[in-house]
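Chain and residue survey
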Amino acid sequence: MHNIKGFTLVEVLVSASIFVAVVTIGFSMYTTITRLEQTTLRSQKIYTESRFWLDFLAVEIQTHELYYDDSYPFPSSIPEVELHLLDDDGNRVRYFMDITNAPTFTLKRQVASNPIEVLSSPEIRVTQLDFYVSPLLKTSTTAPMVTIVWKAEELSTNSAVT
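A few points on the structure. The structure displayed is predicted, hence computed values, not measured ones. (Residues numbered from 1 in each chain as written. Predicted model: local features only at pLDDT ≥ 70, side-chain atom pairs only at ≥ 80, totals over all residues. Heavy atoms only, no water.)

1. Quick word on the side chain of Arg-109
Under the convention used in this document: Helix and strand assignments come from DSSP, with helices taken as H or I runs of at least 4 residues and strands as E runs of at least 2, each series counted from the N terminus. Residue contacts are defined here by distance: any two heavy atoms, one from each residue, within 4.5 Å place the two residues in contact.
Position of Arg-109 relative to the elements: it lies in strand β4 (residues 106-111). Filtering out sequence-adjacent residues up to four positions away, Arg-109 remains in contact with Phe-56, Glu-60, Val-93, Arg-94, Tyr-95, Pro-115, Ile-116, Glu-117 and Leu-119.

Structure below.
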């Protein structure tokens, strides 16, 4: 009877195969988790930037008066591409999406005849900005309501946030 200690070739191959399978599964899980984390961070950045500008617009709408002119000629079911407000000094404030530098659309503001200001972040692209204004005519009994539809995405990817 021989007393040989060690592993046979079959045992070594089976254990190596199991090790390779475990390492492959671990690496696959790591890359998936890393990809999900990057996607989540991009979505969070888009959401944070969008939330900031929507909050900014909400404060502007709440603290200023809607400027009723010929800019709201349609029923409120049709979105407006611009929002016109009156500031405390009686100046017309115009908010709109600039599409001249496509595909980089940006939120812009113009107060009276002053130069146009870029408001949105250079890291995101606003793909949709619509304003639903109600009521369409100034009344003393009904407070105006503005609904904003905003879609944005990161400039380097197509991760969209509504």
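2. Re the packing of aromatic side chains
Here is the rule: Note on aromatic contacts: the rings of Phe and Tyr and the six-membered ring of Trp form a pair at centre separations within 6.5 Å, being stacked when their planes are under 30 degrees apart, edge-to-face when over 60 apart, and tilted otherwise.
Evaluated as defined, the whole model comprises three aromatic pairs. An angle of 85° between the planes, with centres 4.8 Å apart, marks the rings of Phe-52 and Trp-53 as edge-to-face. Taking the centre distance of 5.5 Å and the plane angle of 75° together, the rings of Trp-53 and Phe-56 count as edge-to-face. Of this pair, Trp-53 and Phe-56 both sit in helix α1 (residues 9-63), three residues apart, roughly one helical turn.

3. Concerning the sheet that holds strand β3 (residues 92-98)
Just so we agree on the cut-off: Two strands are said to pair when DSSP picks up at least two bridges between them.
Across the sheet, which stays open at both edges, the five strands sit in the order β1-β2-β3-β4-β5 with antiparallel pairing between neighbours. Whereas interior strands pair on both sides, the edge strands pair on one side only; in this sheet they are β1 (65-66) and β5 (117-118). With two bridges connecting them, β1 and strand β2 (residues 82-86) associate as antiparallel partners. Looking at the pairing, Leu-66 lines up with Leu-85 of β2.

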